[in-house]
Structures are given as C-alpha cells and as structure tokens.
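This is what each chain is made of:
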Amino acid sequence: MPRTTRLSSSLLRATAATGIAALALTACGSGSGTGSTSSGSGGVKVGLITKTDTNPFFVKMKEGAERAAKENGAELSTAAGKFDGDNAGQVTAIENMVAAGVKGILITPSDSKAIVPAIQKARAKGVLVIALDSPTDPESAVDALFATDNVKAGELIGEYAKAAMKGKSAKIATLDLAPGVSVGVQRHDGFLKGFGATDKDVICAQDTGGDQAKGQTAMENCLQKEPGINVVYTINEPAALGAYTALKAKGREKDVLIVSVDGGCTGTQAVKDGKIAATSQQYPLKMASEGVKAVVTYAKDGKKASGYTDTGVTLITDRTQAGVTSKDTAYGLENCWG
C-alpha cells in the first residue's frame, strides 16, 4: 500500500555502489533518494526497492532488510525514489538488479499494474520476486506477498470505534487515500465492516493522499458539510493529525473519535497524547527481514516462498473497550517505526 504516506522523517542517503538506478516513491507522498549496496559482500545477492527512503515506514523496512542480510551473510542492494509514481524508475531498478545478478528482489510497488511486465521478465530469468506491504495487480504477478492484512487493520479500528461510541448515533467521516488504490480501499472497507456500517452511513468522504495538510483540509470540508461529525476514520496517522488540527480549531477535538492505521512513532505518541483514540500498528521491519530470509532460502535450496504471509497488526490504544483486544501505547512505542 499504499501504502500509504507515513509520517515524514529525516532523509537517509547512501552512495550508489552498484549502478542501481535511483528511485524515490512514497506510499502517498514524495521524496528523493539514491541506490546503495550494503550488508555483506560475496553472499547471496538480494535487491530491495522501496517507495521512498525518506518515509519512516520504508526507512524501517530498509533497516530490517539490512539486519537480516547481515545475519544471513547476504549482499543487499537497495533503491529508493525520485518522485511519487516513478514506475519507470522501479522498472529500471529491477532491470539493473537482475543484471547485477540478484537472486531475489523485494519490492513495494508504486503502480501495482504497470510494474507487472518488469516483474515477469525478472521471474523468467529465475529471480524470486516478493512484494512487500502492497500487492501487485494481479497478486499472482509475484512469487509471494509479505504484508499487513489491511482489511483486518481497518476492521480492528472499526470494531474499536463502534465499542467506544457505546450505542450513540454515529456521524461518520472517512478521510481516505485515493480512488482505486488497494491499500486505501482495503482499510476503508475493513473499517466499515468492523463498525457494522456501509458507505451509505458515511456522511462525508474525502481523499487525502495520506497527507497531513490535505487531511486537515478534508476535515475542514467535512465539518462545513456536517458540523456534527463525531467519528473520523483516517487512512493513516498523518491524515489523522491533520483532522485533529482542524477539529481543534473548531473546539471539537475532545468530542470527536479519531481512529487510524500505521503505528509509526509519531502516530503512536499521538495516541498516547489523546489526539488519536486508537491505531492499528503494522510492522515493516518484519516484512523486509522475512523477505531477505526467503531469498536466502531460495538461493540455498531452491525453495520458493509463495502466497500471502500476514506480517501482523495490533490495535494500539490507552482507552480500552470491552470485547476489543488491544495493547497500550507503551507496547506501541516499543514496536513503532520512524
């Protein structure tokens, strides 16, 4: 998914050492970066192509891949992007990694459909390709997918919001990602399912691109349409913090329930501070580390990873609700990213 834009963080850069073309993509935002080679030499060659190297989610993903490469004696090559939607850059990175002799490629696809032909060419040459975080379209275009169950992530916060309302009539606003993006659709649909609602019950729906400023504008628009909104679902925590800013400006921050998805450190701290009621935390480090291990296994014994591997999601809140399983922000801050 898209991922979705995660909270911004300081830029991580590494000098290019393998001639891998630079990429710079985000789940929903933009950044700039370069390719690099790291974590051991002479071992199994593994490629990691993320959507950005500035986004904390993908920074943590890279950290997980580097750690796993070091532990397994693998040689890791990475690429990160120049701008949002740089599918051509991802294609070039795949081609260069294949030419460099990688045994497997881990990728967070920017364009789930447009990247498929390049992936097919890599697989035809014996390269194991694993999608991380966001599926390709079709999902079968890669050998395997290691990702959060985004429907479940949405369901968890939907169930929580329903319980927290304690029978009160809900006036729901959804601050979504963008039309047709699978991560956004899955989280949105999961939330409604968990809440026991449908799109007909949503008073205001706005796209935010997962951006904090756009989240604020979207919330302002929704409040203008329906001042009585009391439940806000957001695609991610930047959008949630934007919504909180808009609500605070209207003096509504204490009587509107905001729920979200991601589990980044800034977002989890916002849960602790009471700005967000609950968030579904996902684990990018695990996605990448398990991906590296799968490539090493394939190189050693030819066993290919296949199908979907759920890398886990946990509801984080300090305001527990009866019948809803959750962990507190102390756990969330120990396991956050960013």
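Every value quoted in this text rests on a predicted model; they were computed, and no experiment measured them.

Peer 1: Could you give an account of the overall build of the chain, naming the residues involved and the relevant values?
Peer 2: Looking only at helices and strands, one finds 10 helices and 13 strands in the chain. By residue count, 57% of the 338 residues in the chain fall in the buried class. The contacts of the chain with a sequence gap of at least 6 include a subset with a gap of at least 24, amounting to 76%. Approximately 13,100 Å² of the chain is accessible, and the part contributed by carbon and sulfur atoms is 48%.

Peer 1: Which residues make up the packing of helix H2 (residues 87-99) against helix H3 (residues 116-124), and what values go with them?
Peer 2: Axes are the key here: two packed helices are described by the angle between their axes and the distance separating the axes. Their axes nearest at 9 Å, the elements H2 and H3 cross at an angle of 10°. Taken together, the axes of H2 and H3 are roughly parallel relative to one another. Residues Val91, Ile94 and Val98 of H2 touch H3, and the partners they reach there are Ala118, Ile119 and Ala122. Here the residues of the contact of H2 with H3 are counted per class, giving 6 nonpolar, no polar and no charged.

Peer 1: I'd love a proper account of the sheet that holds strand E8 (residues 202-207), names of residues and values included.
Peer 2: An order of E8-E7-E9-E10-E11-E13 is seen for the 6 strands of this open sheet, with the pairing classed as mixed. The open sheet has two edge strands, E8 and strand E13 (313-316), and neither has a second partner. Put simply, the sheet's adjacent strands are angled 15° from each other on average, direction ignored. As judged from the 4 bridges shared by strand E11 (residues 278-282) and E13, these two strands associate in the antiparallel manner. Bridging from a neighbouring strand, Thr279 pairs with Ile316 of E13.

Peer 1: Explain empty space enclosed by the protein to me, using residue names and the numbers behind them.
Peer 2: By the definition in use, this model includes 1 cavity of 30 Å³ or more. Roughly 40 Å³ of volume is contained in the largest cavity. If you go around the largest cavity, the residues you meet are Thr50, Thr52, Asp53, Phe58, Lys62, Thr78, Ala79 and Ala80. Sorting the residues of the lining of the largest cavity by element identifies helix H1 (56-71) and strand E3 (75-79) as the ones contributing at least two each. Split by residue class, the lining of the largest cavity holds 3 nonpolar, 3 polar and 2 charged.

Peer 1: Requested: an account of the state of the cysteines, with residues and values cited.
Peer 2: By the definition in use, this model includes 2 disulfides. For Cys204, the disulfide goes to Cys222, at an S-S distance of 2.1 Å. Given an S-S torsion of about -75°, the disulfide between Cys204 and Cys222 has left-handed geometry. With Cys204 in strand E8 and Cys222 in helix H6 (residues 212-225), this residue pair connects regions lying 18 residues apart in the sequence. The exposure class assigned to Cys204 is buried, which follows from its relative accessible area of 3%. Given the relative accessible area of 0%, Cys222 is considered buried. Between the sulfur atoms of Cys265 and its disulfide partner Cys336 the distance amounts to 2.0 Å.

Scoring rules and cut-offs
- Residues numbered from 1 in each chain as written.
- Predicted model: local features only at pLDDT ≥ 70, side-chain atom pairs only at ≥ 80, totals over all residues.
- Heavy atoms only, no water.
- Helix = DSSP H or I, 4+ residues; strand = E, 2+ residues; numbered from the N terminus.
- Buried < 20%, exposed > 50% of the residue type's maximum accessible area, 1.4 Å probe, protein only.
- Contact = heavy atoms within 4.5 Å.
- Areas by Shrake-Rupley, 256 points an atom, 1.4 Å probe, with all protein chains shown as cover.
- Axes fitted to C-alpha atoms, helices over the stretch in contact; angles between N-to-C directions.
- Parallel < 35°, antiparallel > 145°, perpendicular 65-115°, else oblique.
- Nonpolar A, V, L, I, M, F, W, Y, C, P; charged D, E, K, R; others polar.
- Pairing = 2+ DSSP bridges.
- 1 Å grid on protein atoms, 1.4 Å probe; cavity = no way out; pocket = protein on both sides within 12 Å on 5 of 7 lines; lining within 4 Å.
- Points joined across faces, edges and corners; volume = space filled by probe spheres on them.
- Disulfide = S-S within 2.5 Å.

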